[in-house]
Amino acid sequence: KGSFTGATNKREGRFELAHGGTIFLDEISELSLPLQSKLLRVLQEREFERVGGNRTVKVDVRVVAATNRKLEQSVEKNEFRQDLYFRLNVVPVHVPPLRERDGDVELLAEAFSQRYIRKHGMPVKGLTPEAMTALKGHDWPGNIRELENMIERAVIVSGTGKLRIDIPELNQSLLQSDE
């Protein structure tokens, strides 16, 4: 409160809200170097000061961080702090990209199509085997987000009957309902 113009109430930040639990930091590799140093202090000291605050806030937070980049290379290029990398890399979990998980493509495509058919109230039928084969063959550079967005767009523009997705690399409509 009062730390800047228009600040009328005390607001808890993400680390305060996560106290006693877990905070997920997505795309950690995108943090600027100044923010990396501030994050490192919170992780090492388990405390921080609010903007405009005059007291230290202690937090007990488990941190889960994710990135699609190789942080080791970012460290070598001095784009990511080595000490923060070591602090975050306690229990590394490698999740292969979607293009290496054919079975997941099928499960996710089915789940996303059903979710968006319900959400948008569209009378569209399920995916054909040919459509699924084409989806599994795509490289998915955008990973799961690309697949989800593509399925939702297909449901929205399909209206009724056919569910279509155009992937330029495949140069064909992929998803069709059984009619």
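Each remark here, short or long, concerns the structure printed above.
Description of the structure in this document. Per-chain numbering applies: the sequence of each chain, read as written, is numbered from 1 onward. A pLDDT threshold of at least 70 governs which residues receive local features in this predicted model, and a stricter bar of 80 or more applies before side-chain atom pairs are shown or counted, although totals over entire chains, interfaces and linings include all residues. Heavy atoms from the whole structure form the basis of all side-chain values; hydrogens and water molecules are not counted.

## Things to note about the side chain of Glu47
Next, step 1: Looking at where Glu47 falls in the secondary structure, it is placed in strand 2 (residues 47-49).
Next, step 2: Looking at Glu47, its side chain comes within polar contact range of the side chain of Lys58, at 2.7 Å.
Next, step 3: Should any heavy atoms of two residues lie within 4.5 Å, those residues are considered in contact. For Glu47, the residues in contact, after removing those within four places along its chain, are Arg41, Val42, Thr56, Val57, Lys58 and Val59. Helix and strand assignments follow DSSP, with helices taken as H or I runs no shorter than four residues and strands as E runs no shorter than two, numbered in order from the N terminus. Contacts described as polar in this section are N or O atom pairs within 3.5 Å, which, within protein, must combine one atom able to donate a hydrogen with one able to accept it, while residues neighboring in sequence count only if both atoms come from side chains.

## Quick look at the packing of helix 5 (residues 102-120) against helix 6 (residues 129-137)
A pair of packed helices can be characterised by two numbers: the angle between their axes and the separation between those axes.
Next, step 1: Lines fitted to C-alpha atoms define the axes, with helix axes restricted to the stretch in contact, and inter-axis angles between N-to-C directions lie between 0 and 180 degrees. Closest axis-to-axis distance for the helix 5/helix 6 pair is 9 Å, and the angle between their directions is 125°. Judged on the interaxial angle alone, helix 6 and helix 5 are oblique. Relative to helix 6, helix 5 is oriented so that their crossing is right-handed. Of the residues in helix 6, those in contact with Asp102, Val105, Glu106, Ala109 and Glu110 of helix 5 are Met132, Leu135 and Lys136.
Next, step 2: Polar here means any residue other than Ala, Val, Leu, Ile, Met, Phe, Trp, Tyr, Cys and Pro, which are nonpolar, and Asp, Glu, Lys and Arg, which are charged; Gly is therefore polar. Considered class by class, the residues forming the contact of helix 5 with helix 6 number 4 nonpolar, no polar and 4 charged. Should an angle fall under 35 degrees it is called roughly parallel, over 145 degrees roughly antiparallel, and 65 to 115 degrees roughly perpendicular, with every other angle called oblique. In this scheme, a crossing is called left-handed if the near helix is turned counterclockwise away from the far one by less than a right angle; it is called right-handed if the turn is clockwise.

## Focus: helix 5
Next, step 1: For a helix, the expected span equals 1.5 Å multiplied by the number of residues minus one. If you check helix 5, its first and last C-alpha atoms are 27 Å apart, about what 19 residues at 1.5 Å a residue would give, namely 27 Å.
Next, step 2: Burial status follows relative accessibility: with a 1.4 Å probe on protein chains alone, a residue under 20% of its type maximum counts as buried, one over 50% as exposed, and anything between as partly exposed. Among all positions in helix 5, only Val105, Ala109, Phe112, Ser113, Tyr116 and Ile117 are buried. Relative to the axis of helix 5, the buried residues are bounded by an arc of 125° and lie together on one face. Exposed and oriented more than 90 degrees from the buried face of helix 5 are Leu107, Arg118 and Lys119.
Next, step 3: Those residues of helix 5 that are buried are in contact with helix 6 and helix 7 (143-158).
Next, step 4: At the exit of helix 5 stands Gly121, carrying a positive phi of roughly 60°. By construction, the arc corresponds to the directions joining the helix axis to the C-beta atoms.

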